[in-house]
Amino acid sequence: AQSVAQPEDQVNVAEGNPLTVKCTYSVSGNPYLFWYVQYPNRGLQFLLKYITGDNLVKGSYGFEAEFNKSQTSFHLKKPSALVSDSALYFCAVRVGPNDYKLSFGAGTTVTVRA
Amino acid sequence: DAGVIQSPRHEVTEMGQEVTLRCKPISGHNSLFWYRQTMMRGLELLIYFNNNVPIDDSGMPEDRFSAKMPNASFSTLKIQPSEPRDSAVYFCASSPLRGERQPQHFGDGTRLSIL
């Protein structure tokens, strides 16, 4: 079954420092991978996706993610974190090419301190 | 443009009562998803529809839960009778049909508390 894992429950960084949120995947075939962010009392917001093509994907709010097939990873990155980036981040994988279901990771809480 | 709209935003009721959650997907989106989020179990897919037809309801926890999509612009998730363990945040999401490459767009959820 297609799945993703987020090995860190929490990530803490200082404002201005680089931010990385880790995600590994397990799929058969080509993966369709997504990152979402959730702010308190809000729904999930789409950040970026990898379908095919360049391994470095750029998304909203200055975020990017690097697809690494050999390491089966899709880590989310931001060169300089802001306090406003503090939120819950989810990695997700499409269950199959003809299936619209997403399998979500458990989420990583990011705290950016001023 | 309007996103996915869910109502109510909060619902508090006593166990045994019927609860109905509502969702209006983004216009033009043909796939609709209902999720439940809890601290213990994270984000779980309950059911999804394509063109108003339920495709996969394997995530519906039990017969007390039912979902309908009578038309392209409206869906309901009903719990009858409700139990305290149903307390959670319920999200609706939509995406375009043939949207395997497209992200799902989420509403802001309904926070349900069953006393």
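Further up the page is the structure itself.
Residues numbered from 1 in each chain as written. Chains lettered and ligands numbered in written order. Predicted model: local features only at pLDDT ≥ 70, side-chain atom pairs only at ≥ 80, totals over all residues. Heavy atoms only, no water.

J.: Any chance you could break down the overall build of chain B for me, citing the residues and the numbers?
T.: On a plain count of helices and strands, chain B comes out with zero helices and eleven strands. Counting from the amino terminus, chain B carries its helices and strands in the arrangement β-β-β-β-β-β-β-β-β-β-β. The C-alpha atoms of chain B give a radius of gyration of 13 Å, which matches the 13 Å a tight globule of 115 residues would have. With the principal axes as the frame, chain B shows a C-alpha extent of 40 × 30 × 25 Å. Here chain B, with 115 residues, has 49% of them falling under the buried criterion. Across chain B, contacts joining residues at least 24 apart in sequence account for 55% of those joining residues at least 6 apart. Carbon and sulfur atoms make up 48% of the accessible area of chain B, which amounts to about 5,700 Å² in all. Within chain B, one finds 12 positive and 13 negative side-chain charges whose respective centroids are separated by 4 Å. (Helix = DSSP H or I, 4+ residues; strand = E, 2+ residues; numbered from the N terminus. Rg over C-alpha atoms; globule rule 2.2 N^0.38 Å. Buried < 20%, exposed > 50% of the residue type's maximum accessible area, 1.4 Å probe, protein only. Contact = heavy atoms within 4.5 Å. Areas by Shrake-Rupley, 256 points an atom, 1.4 Å probe, with all protein chains shown as cover. Lys, Arg positive; Asp, Glu negative; His and termini not counted. Charge placed at Lys NZ, Arg CZ, Asp CG, Glu CD.)

J.: Would you mind going over the state of the cysteines in detail, with residue names and values included?
T.: Scanning the entire structure with this criterion turns up two disulfides over all chains. Covalently, Cys23 of chain A is tied to Cys91 of chain A through a disulfide, its sulfur atoms 2.0 Å apart. Here the disulfide of Cys23 of chain A and Cys91 of chain A is left-handed, its torsion about the S-S bond being about -65°. Of this pair, Cys23 of chain A sits in the loop between strand S3 (19-21) and strand S4 (24-26) while Cys91 of chain A sits in strand S10 (residues 87-96), and the two are 68 residues apart along the sequence. Across this residue pair, the class does not change: Cys23 of chain A and Cys91 of chain A are buried. Covalently, Cys23 of chain B is tied to Cys92 of chain B through a disulfide, its sulfur atoms 1.9 Å apart. Taking the sign of the S-S torsion, -65° for the link of Cys23 of chain B and Cys92 of chain B, the bridge is left-handed. Pair noted here: Cys23 of chain B is in strand S3 (residues 19-24) and Cys92 of chain B is in strand S9 (residues 88-95), with a separation of 69 residues, a long-range link. (Disulfide = S-S within 2.5 Å.)

J.: Describe the sheet that holds strand S8 (residues 74-79) of chain B, with residues and values.
T.: All names here are of chain B. Pairing is antiparallel in the open sheet, where four strands are placed in the order S1-S3-S8-S7. Only two strands of the sheet have a single partner each, and these edge strands are strand S1 (5-7) and strand S7 (65-71). Neighbour-to-neighbour, the strand axes of the sheet open up by a mean angle of 15°, direction not taken into account. Bridging between S3 and S8 involves five bridges; their strand directions are antiparallel. Paired with Arg22 across the bridge in S8 is Thr76. (Pairing = 2+ DSSP bridges. Axes fitted to C-alpha atoms, helices over the stretch in contact; angles between N-to-C directions.)

J.: Describe the packing of aromatic side chains, naming the residues involved and giving the relevant values.
T.: Each pair of aromatic rings is reported with the distance of its centres and the angle of its planes. Inspection of every chain in the model, using the stated rule, returns 15 aromatic pairs over all chains. Ring centres 6.2 Å apart and planes at 90° place the aromatic pair Phe90 of chain A and Phe104 of chain A in the edge-to-face group. Taken together, the residues span a long stretch of sequence, with Phe90 of chain A in strand S10 and Phe104 of chain A in strand S11 (residues 99-104) at a distance of 14 residues. Side by side, Phe90 of chain A and Phe104 of chain A carry an identical accessibility label, which is buried. Taken together, the ring pairs connect Phe34, Tyr36, Phe46, Phe90 and Phe104 of chain A together with Phe33, Tyr35, Tyr48, Phe91 and Phe106 of chain B into an aromatic cluster. (Phe/Tyr/Trp six-rings, centres within 6.5 Å; stacked < 30°, edge-to-face > 60°.)

J.: Tell me about the interface of chain A and chain B, residues and numbers included.
T.: Interfaces are frequently sized by the accessible area removed from exposure as the parts join. In this assembly, 20 residues from chain A lie in contact with 24 residues from chain B. A buried area of about 1,900 Å², summed over both sides, lies between chain A and chain B, and 50% of it is on carbon and sulfur atoms. On the chain A side of the interface with chain B, the three residues burying the most area are Leu44, Tyr100 and Lys101 of chain A, jointly 34% of the side's total. Taken together, the links from chain A to chain B amount to seven residue pairs in polar contact (both at pLDDT 80 or more). Put simply, the parts of the chain that give the side of chain A that touches chain B at least two residues each are strand S5 (33-38), strand S6 (44-50), S10 and S11 of chain A. Here the side of chain A that touches chain B gets five residues from one element, more than from any other, and that element is S11 of chain A. When the residues that make up the side of chain A that touches chain B are grouped by side-chain class, the tally is twelve nonpolar, three polar and five charged. (Buried area = accessible area lost by both parts, 1.4 Å probe. Polar contact = N/O pair within 3.5 Å; in protein donor to acceptor, adjacent residues only side chain to side chain. Nonpolar A, V, L, I, M, F, W, Y, C, P; charged D, E, K, R; others polar.)

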